Amino acid sequence: MSIKTRIAAVALAALAVTGSIVSTTSSAEAKQPGWVWGVGAGIATAAVVGSAIAASNDPYYYGYHRCGWVAQYNAFGQYVGRVRTCY
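Let us look at the structure shown here. Here the structure is a predicted model, which means the values were calculated and not measured. (Residues numbered from 1 in each chain as written. Predicted model: local features only at pLDDT ≥ 70, side-chain atom pairs only at ≥ 80, totals over all residues. Heavy atoms only, no water.)

**Some words on the overall build of the protein**
Part 1: Secondary structure summary: the protein contains 2 helices and 2 strands in total.
Part 2: Counting the 87 residues in the protein, one finds 6% classified as buried.
Part 3: For the protein, long-range pairs separated by at least 24 residues make up 14% of all intrachain contacts whose partners lie at least 6 apart in sequence.
Part 4: Counting only carbon and sulfur atoms, one obtains 64% of the accessible surface of the protein, whose full area is about 7100 Å². (Helix = DSSP H or I, 4+ residues; strand = E, 2+ residues; numbered from the N terminus. Buried < 20%, exposed > 50% of the residue type's maximum accessible area, 1.4 Å probe, protein only. Contact = heavy atoms within 4.5 Å. Areas by Shrake-Rupley, 256 points an atom, 1.4 Å probe, with all protein chains shown as cover.)

As structure tokens, this is what we get:
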């Protein structure tokens with residue numbers, strides 16, 4: 001798990017907890033529970049952010065990544081082909 005993903009997960013968890021706490025601090029009355037909206041908003045936000053993180057398939061290598069074709073040789077030093085590598 002990269003640092004960017006961890007930060008996004010922590011921020012999402014903090015947002016969900018904050019939304020749940022804020023919506024449950026109302027006075028107790030005989031009406032539809034207000035915390036349902038907070039939990040629903042937290043779950044919806046988690047789904048949106050989670051799918052956005054999962055959709056970004058670019059790996060994060062300290063701000064950059066380069067890919068290219070590199071020659072591949074066998075144990076005897078003979079050229080056998082090339083392979084795509086990212087570093």
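**Here's the deal with the packing of aromatic side chains**
Two numbers describe a pair of aromatic rings. These are the distance of the centres and the angle of the planes.
Part 1: For the coordinates displayed, the defined rule picks out 1 aromatic pair.
Part 2: Here Tyr 73 and Tyr 79 contribute two aromatic rings whose centre-to-centre distance is 5.9 Å and whose plane-to-plane angle is 70°, an arrangement assigned as edge-to-face.
Part 3: Sitting above the plane of the Trp 69 ring, Arg 82 keeps its charged end 4.6 Å from the centroid. (Phe/Tyr/Trp six-rings, centres within 6.5 Å; stacked < 30°, edge-to-face > 60°. Lys NZ or Arg CZ within 6 Å of the ring centre and 35° of its normal.)

**A look at the pairing of strand S1 (residues 67-73)**
The side chains of a regular strand alternate between both faces of the sheet.
Part 1: Across 7 bridges, the pairing between S1 and strand S2 (residues 79-86) is antiparallel. Along S2, the bridge assignment pairs Tyr 73 with Tyr 79.
Part 2: Hairpin connection, S1 to S2: the antiparallel pair is bridged by 5 residues, and Gly 77 has positive phi, about 85°. (Pairing = 2+ DSSP bridges.)

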